[in-house]
Amino acid sequence: MSIRSLYSTARRSLLANQAATNATGQNIANANTPGYSRRQVQLRSIPATRGGVIFHGLANAGGGAGIESFNRVRSQILDVAVRKGQAGSGGAGESAALLATLESQLAPDGGDGFLEAVSSFYDAWSDVADAPTDLGVRDALLSAADRLAHTLQGADERLRAFGHSVEADLGATVDRTNQLLSEVADLNSSIRTSHSQGALDPDALDRRDTIIDELSALGPFTARYEDNGTVTLTIDGMVAVQ
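Values in this document were obtained by computation on a predicted structure and should not be read as measured data.

About the thresholds
- Residues numbered from 1 in each chain as written.
- Predicted model: local features only at pLDDT ≥ 70, side-chain atom pairs only at ≥ 80, totals over all residues.
- Heavy atoms only, no water.
- Pairing = 2+ DSSP bridges.
- Helix = DSSP H or I, 4+ residues; strand = E, 2+ residues; numbered from the N terminus.
- Axes fitted to C-alpha atoms, helices over the stretch in contact; angles between N-to-C directions.
- Contact = heavy atoms within 4.5 Å.
- Core = buried A, V, L, I, M, F, W, Y, C linked by side-chain atoms within 4.5 Å.
- Buried < 20%, exposed > 50% of the residue type's maximum accessible area, 1.4 Å probe, protein only.
- Salt bridge = Lys/Arg side-chain N within 4 Å of Asp/Glu carboxyl O.
- Expected span 1.5 Å × (residues − 1).
- Polar contact = N/O pair within 3.5 Å; in protein donor to acceptor, adjacent residues only side chain to side chain.

*Asks:* Account for the sheet that holds strand β3 (residues 221-225), naming residues and giving values.
*Replies:* A sheet is described by the order of its strands in space; here 3 strands give the open sequence β3-β4-β5, paired in antiparallel fashion. Of all the strands in the sheet, just β3 and β5 (238-241) have a single pairing partner and so form its edges. Taking the axes of each pair of neighbouring strands and ignoring which way they run, one obtains an average angle of 35° across the sheet. In this structure, strand β4 (residues 231-235) lies alongside β5, joined through 3 bridges in antiparallel fashion. Bridge pairing in β5 links I235 to M238. Running over the sheet, helix α4 (residues 135-196) touches β3, β4 and β5 and is turned about 70° from β5.

Structure, rendered in structure tokens:
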């Protein structure tokens, strides 16, 4: 082993172990960071080199350690399973919330007022049938009809307001979805460039997977990971991002 190779071995080994230590420190610092995926540095043994001044007994010494690969530890199988669960629970939860709100708007008092108005209206008709010439009974029918009409009008106004609110929420959800899809497309471009250069961009990958997690709660999106590091998103068979 020459003096030059000795220093080269020491330098390369120190840099490799420094990278592994930095990755460990990054993992510890981001243990509670949402969306962060653990980094892992794989080291490899460097074969011995020959040449230069040979020291006695060191001819067969190795060449130290180097970086084999830099990996991002994350399971795509678990991601798919979690996102399917989010899509199902998110849709069911949203449907339940809409139906509960619709019920409260249609009958804010639990339906007692509406049922009472309808019951009074038909009871008034029954009274008129029993005494068709009684003006008081007729006035009671008109009063019951007016009350029922006001009850239905109030329900109609509340339902219209609820419809406008749902439309506004839906529009905001669509805007947010389009914003996230656009960001995924930009990240795909950055990841594709890094992959073509033989590099890994774990921050971009973490951010992209975090966005896909959010999208899965907004709609039944399906992610297909490509060999170049990008992801193709589809919804109901239609490609949203490629």
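Picking up where we left off.
*Asks:* Outline the nonpolar core, supporting the account with residue identities and numerical values.
*Replies:* Membership of the largest hydrophobic core comes to 16 residues, with the highest contact counts inside it found for V184, L215, V231 and L233. Not counting residues within four places of it along the chain, the set of residues in contact with L233 comprises L181, V184, I212, L215, T222, A223, M238, V239, A240 and V241. Counting residues in each nonpolar core, the second largest holds 8 residues, with A117, F121, A124 and L148 among its members.

*Asks:* Before we move on, can you summarise the pattern of salt bridges with the specific residues and values?
*Replies:* Under the counting rule described, the total for this entry stands at 14 salt bridges. Linking R72 and D209 is a salt bridge whose minimum nitrogen-to-oxygen distance equals 2.5 Å. A residue pair is termed long-range when its members are at least 10 positions apart, and R72 in strand β2 (residues 65-73) and D209 in helix α5 (residues 202-218) qualify at 137 residues. Accessibility expressed as a relative area gives 2% for D209, which makes it buried. Of the charged contacts in the structure, one is a salt bridge between R224 and E226, with a shortest N-O distance of 3.1 Å. Relative accessible area serves as the criterion here: at 45%, R224 is assigned to the partly exposed category. Classification of E226 as partly exposed rests on a relative accessible area of 28%. Connected through shared salt-bridge partners, R39, R72, R74, D79, D203, D206, R208, D209 and D213 make up one network.

*Asks:* Summarise α4; cite the residues concerned and give the values.
*Replies:* If you check α4, its first and last C-alpha atoms are 91 Å apart, about what 62 residues at 1.5 Å a residue would give, namely 92 Å. At the N-terminal boundary of α4, the capping side chain belongs to D134, with an oxygen 2.9 Å from the backbone nitrogen of G136. Looking one or two residues past α4, G198 carries a phi angle of roughly 75°, positive in sign.

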